[in-house]
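The primary structure of each chain is shown beneath.
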Amino acid sequence: AQSVTQLGSHVSVSEGALVLLRCNYSSSVPPYLFWYVQYPNQGLQLLLKYTSAATLVKGINGFEAEFKKSETSFHLTKPSAHMSDAAEYFCAVSFSPKLIFGTGTRLQVFP
Amino acid sequence: DVKVTQSSRYLVKRTGEKVFLECVQDMDHENMFWYRQDPGLGLRLIYFSYDVKMKEKGDIPEGYSVSREKKERFSLILESASTNQTSMYLCASRRVIGGENIQYFGAGTRLSVL
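Computed from a predicted model, the values in this text were never measured in an experiment.

**Student:** Give me the layout of surface pockets: which residues, what numbers.
**Tutor:** Put simply, the largest pocket is a space of about 410 Å³. In terms of lining, the largest pocket is formed by 17 residues, of which the most central are Leu44 and Gln45 of chain A together with Val2, Phe105 and Gly106 of chain B. Elements supplying a minimum of two residues to the lining of the largest pocket: β4 (33-38) and β5 (44-50) of chain A together with β10 (103-105) of chain B. Partitioned by chemical class, the residues of the lining of the largest pocket number ten nonpolar, five polar and two charged.

**Student:** Quick one: what's the story with the sheet that holds strand β7 (residues 64-70) of chain B, residue by residue and with numbers?
**Tutor:** Residues and elements named next belong to chain B. A sheet is described by the order of its strands in space; here four strands give the open sequence β1-β3-β8-β7, paired in antiparallel fashion. Edge positions in the sheet fall to β1 (4-6) and β7, since each of these pairs with one other strand and no more. Strand-to-strand, the axes of this sheet are offset by a mean angle of 20 degrees, without reference to chain direction. Pairing geometry for β7 and strand β8 (residues 73-78), over five bridges, is antiparallel. Bridging across to β8, Val66 finds its partner in Leu76.

The rules behind these values
- Residues numbered from 1 in each chain as written.
- Chains lettered and ligands numbered in written order.
- Predicted model: local features only at pLDDT ≥ 70, side-chain atom pairs only at ≥ 80, totals over all residues.
- Heavy atoms only, no water.
- 1 Å grid on protein atoms, 1.4 Å probe; cavity = no way out; pocket = protein on both sides within 12 Å on 5 of 7 lines; lining within 4 Å.
- Points joined across faces, edges and corners; volume = space filled by probe spheres on them.
- Helix = DSSP H or I, 4+ residues; strand = E, 2+ residues; numbered from the N terminus.
- Nonpolar A, V, L, I, M, F, W, Y, C, P; charged D, E, K, R; others polar.
- Pairing = 2+ DSSP bridges.
- Axes fitted to C-alpha atoms, helices over the stretch in contact; angles between N-to-C directions.

Here it is, written out as structure tokens:
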């Protein structure tokens, strides 16, 4: 069965620091994986997706994620945090047609 | 751009009321979904629809029903609202043909049941 675990419900970083949000997945088939972002009082917006073409996936707003099959991980990173990155981030695995979401990580960025 | 529109951003209802949450998408997507979002629980699937007049229960369907009479519109119905249905409700749609399983979300409806 497909599932997703996001380690850390809250992450705080200083502006300009590295952002690392962790996601581990479990899937009985080669997975399709996604990161979504939710800004305050808004719906979810797709950041990036992995569909087996390349293990390093680049998304919007300078975010990227690396698929590591051996570690069953799909961690999200950004080299330098910006105040506008403050939001909640969700990792998801496909169980077509459904998506199975993690419980989310709230990112705070301090000046 | 895909647009998924939820008719209300905020709703306040009383216990026992019948509540309708409406969702419309403008990209002729076959699949549509209703989720509820609660702190610490992430998004949980309530119901989804493969296509017009087709529906399937998700993980937490109890206390909810849905209607999809037209392809662009997917309604979530709370037959008799209860306080434990106070939550954020998110609608999403997805293209099947040639799709990459990307779901597009509306802005959400924050429902309070008093």
